Amino acid sequence: MKKIAVIGGGITGITTAYALSKRGFAVTLFEKHRYAAMETSFANGGQLSASNAEVWNHWSTIVKGLKWMLKSDAPLLVNPKPSWHKLSWFAEFIASIPSYNQNTIETARLAVAAREHLFAWAEAEGIDFDLKKKGILHIYRDKAGFEHAGRVSQLLAKGGLPRRSVTPEEMRSIEPTLAGQYYGGYFTECDSTGDIHKFTNGLAAAIDRLGVRCLYNQDVKSVATDGKRASVTTGSNTGDETQHFDGVVVCAGTASRDLAAQLGDRVNIYPVKGYSITVNLTDDISRASAPTVSLLDDETKLVTSRLGNDRFRVAGTAEFNGYNRDIRADRIRPLVDWVNECFPGVNTRSVVPWAGLRPMMPNMMPKVGRGKSPCVFYNTGHGHLGWTLSAVTADMIGGVVEQALGSDAKVASPQPAHA
């Protein structure tokens, strides 16, 4: 069997290992933490949201970013301190604005295909991850935002995603617990939500059963290739160890940029910090007052998910501040205030804050495919849609690796046809 290394044990790495194992490869997964999904895949917004496929490469994003630059609690915050990495990323971000329509359509297409794979895998492996198929409601507070959403809906439709406009009265019938005044909304009935951490760990158990060699607590110090094979060097208390493989797939989130440089490739990922709070619904009134339908508030850039009966997740914002992982009180406070405003019956005494670094490419499209070396591959850079797109990009990279290297065995897969 051809031996493949997968670097990264988040949602992207675990789904990639699963897709490769199902294709008959002997897979070794390297993860620096003791368990899977301990960084960006730990406590995200929970949305499996094809309806959030709009890429950010739009002049309105630039205008908002400049307006909010000195406002510490703004939905989009850019640390004005310059760095070559940040400057080069924003230059490429602006250069990708002409591809806004095309990339939004393609992202929607990928997201629609991804849900078929993810649901099939969860069913095949018996994974319980608080899945709710109740749709996602986008809410708008003014005419301009609502009309922009109408134009976005036309692009999403070209990607195969139907969503419909709803009046404020219809919004309240969809989610009766929502308080406040709104201009209108858009509802995507086929979208869903779930707990990314539960799903990733469930699939990690599945790949272990399938024979994937899962090496946790492994700090990958370096990767290299001679053009024919790849090597991965890890460090531990007992010294460094180098292992050799027929191929390597980099799924290392924000660390992918440095690993790619070692392999002779440029993958210009920037770490965009997002925040979340998990509200523990500790009493009957809170449980009854929290929404069961997932929401996206366009003005505040916040998303919500109901995870089981006792948890309510609120997440969002974007912070361009390098590899800083600090959980800032001034960034968490607006999330709690939003809950108090929109769902006043929810008790926010028990709130767990979190922050994670989204690995974001300048064009907002994931890097899925081959590197310069024939034995190097990438599945990374999914930005704010890693959870949504993970299953389809894993299937895609599985196909790319199989075409490039072949495999010596075939195992029946529950996944649908290639997207």
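Okay, so let's go over this structure. (Residues numbered from 1 in each chain as written. Predicted model: local features only at pLDDT ≥ 70, side-chain atom pairs only at ≥ 80, totals over all residues. Heavy atoms only, no water.)

## Considerations on the environment of I277
Okay, step 1: Secondary-structure assignment places I277 in strand β14 (residues 270-280).
Okay, step 2: A relative accessible area of 0% places I277 in the buried class.
Okay, step 3: Counting along the chain gives 270 residues from I277 to I7, while the straight-line C-alpha distance between them is 28 Å. (Helix = DSSP H or I, 4+ residues; strand = E, 2+ residues; numbered from the N terminus. Buried < 20%, exposed > 50% of the residue type's maximum accessible area, 1.4 Å probe, protein only.)

## So, the pattern of salt bridges
Okay, step 1: Using the criterion set out here, one finds 24 salt bridges in the structure.
Okay, step 2: Between D130 and R311 there is a salt bridge, and its shortest N-O distance comes to 2.9 Å. Separated by 181 residues along the polypeptide, D130 in the loop between α4 (100-125) and β5 (136-140) and R311 in strand β17 (residues 311-320) bring together distant segments of the chain.
Okay, step 3: Taken together, the salt bridges that share partners define one network made up of K273, E319, R328, D330 and R331. (Salt bridge = Lys/Arg side-chain N within 4 Å of Asp/Glu carboxyl O.)

## Considering the sheet that holds strand β20 (residues 376-380)
Okay, step 1: The six strands are arranged β9-β2-β1-β13-β20-β19 in an open sheet whose pairing can be described as mixed. For this open sheet the edge positions go to β9 (213-215) and β19 (367-370), each flanked by a neighbour on one side alone. This sheet shows a mean twist of 15° between the axes of neighbouring strands, independent of strand direction.
Okay, step 2: Alignment of strand β13 (residues 247-250) against β20, held across three bridges, turns out to be parallel. (Pairing = 2+ DSSP bridges. Axes fitted to C-alpha atoms, helices over the stretch in contact; angles between N-to-C directions.)

## Looking at helix α2 (residues 59-68)
Okay, step 1: Listed as buried for α2 are I62, G65 and W68. Buried positions in α2, seen along its axis, are confined to an arc of 140° and lie on one side of it. Across α2 from its buried face, at more than 90 degrees, point the exposed residues W59, V63, L66 and K67.
Okay, step 2: If you follow the buried residues of α2, they end up packed against β4 (76-78) and α3 (84-95). (Arc of directions from axis to C-beta. Contact = heavy atoms within 4.5 Å.)

## Notes on the environment of K22
Okay, step 1: Mapped onto the fold, K22 is located in helix α1 (residues 11-22).
Okay, step 2: Through-space distance from the C-alpha of K22 to that of I207 is 9.2 Å; in sequence the pair is 185 residues apart.

## Looking at α1
The periodicity of an α-helix, 3.6 residues per turn, causes residues three or four positions apart to be oriented the same way.
Okay, step 1: The end-to-end C-alpha separation of α1 is 17 Å, in line with the 16 Å expected for 12 residues at 1.5 Å each.
Okay, step 2: α1 sits mainly inside the fold: 12 of its 12 residues count as buried.
Okay, step 3: The set of residues buried in α1 consists of I11, T12, G13, I14, T15, T16, A17, Y18, A19, L20, S21 and K22.
Okay, step 4: Of the residues trailing α1, G24 is marked for its positive phi of about 95°. (Expected span 1.5 Å × (residues − 1).)

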